[in-house]
Amino acid sequence: MKSSRRQFLKYAAGSGIALGLGAVPLLGRDRLRGSHGSLLESKLPGSGNPLRFPPAYSGTTLTAAVTQQSVFSGAPTEVWTFNESYPAPTIRVRRGDTFSTRLINNLPDETIIHWHGLVVPHEMDGHPRNAIAPGASFDYSFKINQRAGTYWYHPHPHMMTGPQVYKGMAGLFIVDDDEQDALDLPRGEFDLPLIIQDRRAEHIPSFTYTLSNDDVQNGYLGDMILVNGTPDPYLEVGRGLYRFRILNGSNARILDLALSDNSPFHIIGTDGGLIDRPYEVSYMFLGPAERIEILIDFSRYAAGTSVLLKSLPFGGSEGYVQGTELPVLRFDIIDKAASPASMPATLTTIEKLDEDQAKAYRKFTFRIDHSVTPNAHPINDLEFDMERIDERVKLGDLEIWTFENISFLPHPMHLHGAQFQLLTRSTGGEIEARDRGWKDTIYVRPFETVRVIVRFNPAPGLFLVHCHNLEHEDHGMMLNYEVVEDKSAVETQTRLPDRLDLW
Ligand code: C2O
Ligand code: CU
Ligand code: CU
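Procedures and definitions
Within every chain, residues take consecutive numbers counted from 1 along the sequence as written. Chain labels run from A onward and ligand labels from 1 onward, assigned in the order the entries are written. With pLDDT at 70 or above as the cut-off, local features in this predicted model cover only qualifying residues; side-chain atom pairs require 80 or more to be listed or tallied, and sums for whole chains, interfaces and linings still use all residues. Excluded from the side-chain calculation are hydrogens and water; included are all heavy atoms of the structure. For Na, K and Ca the donor cut-off is 3.2 Å, while for other metals it is 2.8 Å, and in both cases only N, O and S atoms qualify; water is not among them, so sites may look incomplete. Runs of E in the DSSP output that reach at least two residues are strands. Runs of H or I that reach at least four are helices, and both are numbered from the N terminus. For every residue, the accessible area (1.4 Å probe, protein chains only) is compared with the maximum for its type, and the residue is labelled buried under 20%, exposed over 50%, or partly exposed between those bounds. Residues are treated as being in contact if the distance between any of their heavy atoms lies within 4.5 Å. Pairs of N or O atoms are called polar contacts if they sit within 3.5 Å, as long as, within protein, a hydrogen donor faces a hydrogen acceptor (for residues adjacent in sequence, only side-chain-to-side-chain pairs). Centres within 6.5 Å are what make two rings of Phe, Tyr or Trp a pair, Trp counting through its six-membered ring; a difference in plane orientation under 30 degrees is then read as stacked, over 60 as edge-to-face, and the rest as tilted. For a lysine, the NZ atom is tested; for an arginine, the CZ atom; a charge sits over a ring if that atom is within 6 Å of the ring centre and within 35 degrees of the ring normal. Salt bridge criterion: a side-chain nitrogen from Lys or Arg within 4 Å of a carboxyl oxygen from Asp or Glu. Known as pLDDT, the predictor's confidence for each residue is given on a scale from 0 to 100. One requirement defines pairing of two strands: DSSP has to find at least two bridges between them. All axes are obtained by fitting lines to C-alpha atoms, using only the stretch in contact for helices, and the reported angles, taken between N-to-C directions, cover 0 to 180 degrees.

Section: the coordination of the copper ion (ligand 2)
Working step 1: The coordination sphere of the copper ion (ligand 2), as far as protein atoms go, consists of His114 (NE2) and His414 (NE2), spread over 1.8 to 1.9 Å. Taken as a pair, His114 in strand E6 (residues 113-116) and His414 in strand E25 (residues 411-415) lie far apart in primary sequence, 300 residues in all.

Quick word on unusual backbone geometry
Working step 1: Look at the link from Tyr86 to Pro87: it is a cis peptide, with omega at -10 degrees.
Working step 2: Looking at the secondary structure, you find Pro87 in the loop between strand E3 (77-82) and strand E4 (91-94).
Working step 3: That bond from Ile204 to Pro205 is cis: its omega, 5 degrees, falls within 30 degrees of zero.
Working step 4: The residue Pro205 is located in the loop between strand E10 (191-199) and helix H5 (213-218) in this model.

Overview of the environment of Thr77
Working step 1: Summarising the element assignment, Thr77 is placed in strand E3.
Working step 2: Residue Thr77 is classed as buried on the basis of its relative accessible area of 0%.
Working step 3: In sequence terms Thr77 and Thr67 are ten residues apart; their C-alpha atoms lie 8.2 Å from each other.
Working step 4: Discounting residues that sit within four places of it in the chain, Thr77 has contacts with Thr67, Gln68, Gln69, Val71, Phe72, Pro205, Ser206 and Phe207.
Working step 5: One polar contact links the side chain of Thr77 to the main-chain carbonyl oxygen of Pro205, over a distance of 2.6 Å.

Notes on the packing of aromatic side chains
Working step 1: Under the criterion given, the structure shown has 34 aromatic pairs.
Working step 2: An angle of 80 degrees between the planes, with centres 5.4 Å apart, marks the rings of Trp401 and Tyr481 as edge-to-face. In this pair, Trp401 is assigned in strand E24 (residues 398-406) and Tyr481 in strand E30 (residues 478-484), connecting sequence segments 80 residues apart.
Working step 3: Three or more aromatic residues joined by ring pairs form one cluster here, namely Tyr57, Phe82, Phe99, Trp115, Phe138, Tyr140, Phe142, Tyr153 and Phe173.
Working step 4: When the ring centre of Tyr166 is taken as origin, the NZ or CZ atom of Arg199, which lies over that ring, is 4.1 Å away.

What to know about the pattern of salt bridges
Working step 1: Counted by the stated rule, this structure contains 32 salt bridges.
Working step 2: For the salt bridge of Lys336 with Glu189, the shortest nitrogen-to-oxygen distance reads 3.9 Å. Taken together, the residues Lys336 in the loop between strand E21 (326-333) and strand E22 (360-367) and Glu189 in the loop between helix H4 (178-181) and E10 connect sequence positions 147 residues apart.
Working step 3: Lys336 gets classed as partly exposed once you look at its relative accessible area, which sits at 35%.
Working step 4: Ionic pairing is found between Lys439 and Glu290, a salt bridge with its closest N-O pair at 2.7 Å. Placement of the pair is Lys439 in the loop between strand E26 (420-425) and strand E27 (441-444) and Glu290 in the loop between strand E18 (284-286) and strand E19 (291-297), with a sequence separation of 149 residues.

Some remarks on the confidence of the model for the chain
Working step 1: The predicted model of the chain has a mean per-residue pLDDT of 88, with 86% of residues at 70 or higher.
Working step 2: Residue range residues 1-42 is modelled with pLDDT below 50. Its contacts to residues more than four positions away, or to other chains, number 84 contacts.
Working step 3: Taken as a whole, residues 493-503 scores under 50 in pLDDT and shows 18 contacts with residues more than four places along the chain or in a different chain.

Points about the sheet that holds E24
Working step 1: Spatially, four strands are ordered E22-E24-E28-E26 in an open sheet, and the strand pairing comes out mixed. In the strand order of this sheet, the two ends are held by E22 and E26, each with one partner. Here the average twist between neighbouring strands, direction ignored, is 20 degrees.
Working step 2: Relative to strand E28 (residues 449-455), E24 runs antiparallel, the two sharing seven bridges. Within the sheet, the bridge partner assigned to Leu398 lies in E28 and is Arg455.

The following block contains the structure:
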């Protein structure tokens, strides 16, 4: 059962062929260098670099600048950084805090920071309309009114999110709260972030970002993984329980993470924090911008052994550019003190949003033959227009949003200003652990329809819904929605479904 489901998901995720849609065009796989075998061999014990960790944010400013960083051995890399750090410093706050910082833009381009997953007033949300020019600054201040969880921040300037993130600008924004502190979860050195990003080996030591037509179509994909900015990383772990907060910080790469010996691990959290209980899995899909928190128990391994976290190969056809097998991080098990924590049986209670209470339905269709028009990524046949308001929703309302993907490409769909819950995937089955709890980004497979339920509770204002394949986002796959208090404005804007049973 499990394996046939997995088979199906992988096939459906990878290829139109599985769905009887004919040949998928070859999308330049031969651009990816190196054989997977040799990449994996280079991860043998004794090789590689100790995993780095981003510094903790402190102070009152985030300065964006072009700097030189030592990423690879040998020549330095030009990295676009916040506070001269790659990855960007980890911001850590408690629920109820007010977070204030001044963004200082010393880049040659305009920029603005978006706090991905946080629900903040719209003028604090990093809408591209608020981008600031080189030399300018922007003062942020907002209250953290949110569950504990692993959120993140990155630039959001109009049509330049892809290059700025790729060149290095992204960091974690971790929220703590009392509820989570009361649980017996691994802490301190046993609670570690893993920011996973792909880069192109052929460009070492540079983070070169030049888009071909294929890149605009598929997203900018690399063929090697950096974890926390570390190439060929390894981490020495004791024989106990570890909590990893994983961010897929890639522009476009979809990961399917597993341990090389297929050992199970437990998913405990998703985008918006802890889920109801730990779920045992042996692999997990992670689309761009999604976070997942896992517990791995290394006590099953003997000291002196190693196990590799990797991204499994997937996809139904050779021509499909996602689904390359990639080594991610080698764990070297050593004799050292382990965490005293044990696996909690339950984690939290998540209020299930009730479909019957929904006030409106909206449908977002990605209808495009990318092989004919590779450079356009519209939503409902519209490309992003900064000044156009595409949807108006009433403050406090519960709505059902449907993402209907009738294209050959996967689209990780992201909402600003809200956390939502998955209702259904047209590919069926019960909700997987990776989709449970509160989400702000949901991976929509090719030819899949995904329904989510969301309550709009930010302060009124302008927010975004977009694909988090950053090349899709930069090339139009984004709409404005406005949260309003005036109900009459809402009623004229709400589009009802043409066929209810499809929603
Ligand atoms: Cu992480 Cu609008 O993005
Ligand atoms: Cu966001
Ligand atoms: Cu997309």
